[in-house]
Amino acid sequence: MNSPEMATIEQDALGEAMKAKSFKYKGISFEKRYTSPEVIDAIEHMEIRDNDVFLVTYPKSGTVWTQQILSLILNEGHRNGTEQITNIERAPAIEYNIHNVDFKSRPSPRLFSSHLPYYLMPKDLRFKTGKVVYVCRNPKDALVSYYHFFKMNPNIKCTVTWEAFLDLFIKGKVLCGSWFDHVRGWYTHKEDFNILIVKYEEMKKDLRFNVQKICKFLDITLNDKATDIVVERATFKNMKDDPLANYTFLPNDMYDKSKGVFLRKGIVGDWKNLMTVAQNEMFDKVYKEKMGDLPMKITWELNEETAS
Ligand code: PPS
């Protein structure tokens, strides 16, 4: 463990490196290379169709997992393999449209992804046009996953220590801002949207049940066989082997595959392998201060033998 003085120097260096690569828009940091303030600004006025579906997450909370689930539910061509496109193209991110998808000419039902806070989303969603599926993961596992992912970012040229990253995460000084603000914002404004909140840990406990819950929310009826296909294709193991779903298709200048994998462990409770007892106690204290007043139940660990 570093001395406090050492940790501060690293936090500053990391903070500076991130600042140079990002811009801030209404309190949130975005990666300069892939988007701009004009793009984020225009999102507010995006035209929404009744059957649009927006998958929203804080980073590292189950985005690609739910992209897979939603695209398989919504599109028979993905289920039967007649459409061979990657899940990032099936569910492009509205704020990071890296494939320059023409959103307007996409056939319905359109599926989009986003890490945006509630207040930067298209304003028509507030009139209950379109649906939002919000996936939440416990912040300790999201943090650990984010830390490993961050080390694969070839654009940040400085050593990232766990201590420094933990500090930045707690202060919300990472791309997409604070986990606490993101989850609190969406949770406390849920009545404004046509929204289903899904938990990563619940999907781990019972994937089939959650697939059915999502289908019900989307008013889609899948027969048993189709449901089986969705569940089967969305297990961690199968997604890891699926070149359309495992994100190995992203170029090395976006994430350096020599430094790790996108589908890393896919478990609940990995934070126990990285957090010290003192860090965990400090995190619990911060969690209580920032989220303690919300009636939100967080699952911090699971018996993995019963998980999918
Ligand atoms: S990102 O960069 O924000 O889009 O990342 P995101 O997809 O939200 O989160 C990545 C983590 O989700 C895990 N993952 C899964 N877990 C369980 N089952 C399935 N099928 C699955 N697919 C992806 C992925 O492994 C990352 O978590 P960690 O803890 O790093 O393994």
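Before reading further, recall that the structure is shown in the block above.
Residues numbered from 1 in each chain as written. Predicted model: local features only at pLDDT ≥ 70, side-chain atom pairs only at ≥ 80, totals over all residues. Heavy atoms only, no water.

Student: Lay out helix α13 (residues 277-291) with the relevant residues and their values.
Tutor: Under the 1.5 Å per step criterion, the end-to-end length of α13 is 21 Å for 15 residues, consistent within 8% with the ideal 21 Å. All of the buried residues in α13 are Gln 279, Asn 280, Phe 283, Val 286, Tyr 287 and Met 291. Buried residues of α13, seen end-on, are gathered within an arc of 125° and therefore sit on one face of the element. In α13, the exposed positions angled more than 90 degrees off the buried face are occupied by Val 277, Ala 278, Glu 281, Lys 285, Lys 288 and Glu 289. The inward-facing, buried residues of α13 contact α6 (139-150), α7 (162-171) and α8 (179-188). (Helix = DSSP H or I, 4+ residues; strand = E, 2+ residues; numbered from the N terminus. Expected span 1.5 Å × (residues − 1). Buried < 20%, exposed > 50% of the residue type's maximum accessible area, 1.4 Å probe, protein only. Arc of directions from axis to C-beta. Contact = heavy atoms within 4.5 Å.)

Student: If you had to explain the nonpolar core to someone new, which residues and values would you point to?
Tutor: Across soluble globular proteins, nonpolar side chains show a tendency to be buried alongside one another. Judged by nonpolar contacts, the single largest core of 61 residues is most densely connected at Phe 54 and Trp 179. A total of seven residues in this core trace back to one element, the largest contributor, which is α7. Excluding residues that lie within four positions of it along the chain, Phe 54 makes contacts with Met 46, Ile 48, Ile 94, Phe 112, Met 121, Pro 122, Leu 125, Lys 131, Val 132 and Val 133. If you look at the next biggest cluster of nonpolar residues, it comprises 39 residues, including Met 152, Met 239, Ala 245 and Tyr 255. (Core = buried A, V, L, I, M, F, W, Y, C linked by side-chain atoms within 4.5 Å.)

Student: Please give an account of the pattern of salt bridges that cites residues and values.
Tutor: Opposite charge on two side chains permits them to pair, given that their charged atoms come into close proximity. Under the defined criterion, the tally for this structure stands at 16 salt bridges. A salt bridge links Lys 131 to Asp 219, with the shortest nitrogen-to-oxygen separation between them at 3.5 Å. Residue Lys 131 is found in strand β5 (residues 131-136), and its partner Asp 219 is found in the loop between α10 (207-217) and α11 (224-233); the two are separated by 88 residues along the sequence. Given the relative accessible area of 15%, Lys 131 is considered buried. In this structure Asp 219 comes out as exposed when scored by relative accessible area, which is 64%. With a shortest N-O distance of 2.7 Å, Glu 301 and Lys 272 are connected by a salt bridge. You can see Glu 301 sitting in the segment after α13 and its partner Lys 272 sitting in the loop between α12 (236-241) and α13, a full 29 residues away along the chain. In this structure Glu 301 comes out as partly exposed when scored by relative accessible area, which is 45%. (Salt bridge = Lys/Arg side-chain N within 4 Å of Asp/Glu carboxyl O.)

Student: Which residues make up the environment of Lys 104, and what values do they have?
Tutor: By secondary structure assignment, the location of Lys 104 is in the loop between α5 (87-90) and β4 (111-114). By relative accessible area, Lys 104 is classed as exposed at 68%. Leaving out residues up to four positions away in the same chain, Lys 104 has contacts with Arg 49 and Arg 110.

Student: Report on the pairing of β4, specifying residues and quantitative values.
Tutor: The side-chain alternation of β4 yields two buried faces, one formed by Leu 111 and Ser 113 and the other by Phe 112 and Ser 114. In this sheet, β4 lies alongside strand β3 (residues 53-57) in parallel orientation, the contact comprising four bridges. Along β4, the bridge assignment pairs Leu 55 with Ser 113. (Pairing = 2+ DSSP bridges.)

Student: Talk me through the pairing of strand β2 (residues 28-31); I want residue IDs and the actual numbers.
Tutor: Judged by which residues are buried, β2 turns out to be covered on both faces: Ile 28 and Phe 30 on one side and Ser 29 and Glu 31 on the other are all buried. By the bridge criterion, four bridges tie strand β1 (residues 22-25) to β2 in an arrangement that is antiparallel. When the sheet's bridge partners are listed, Ser 22 is paired in β2 with Glu 31. Between β1 and β2, which pair antiparallel and follow one another directly, the connecting turn spans two residues, one of which, Lys 26, has a positive phi of 45°.

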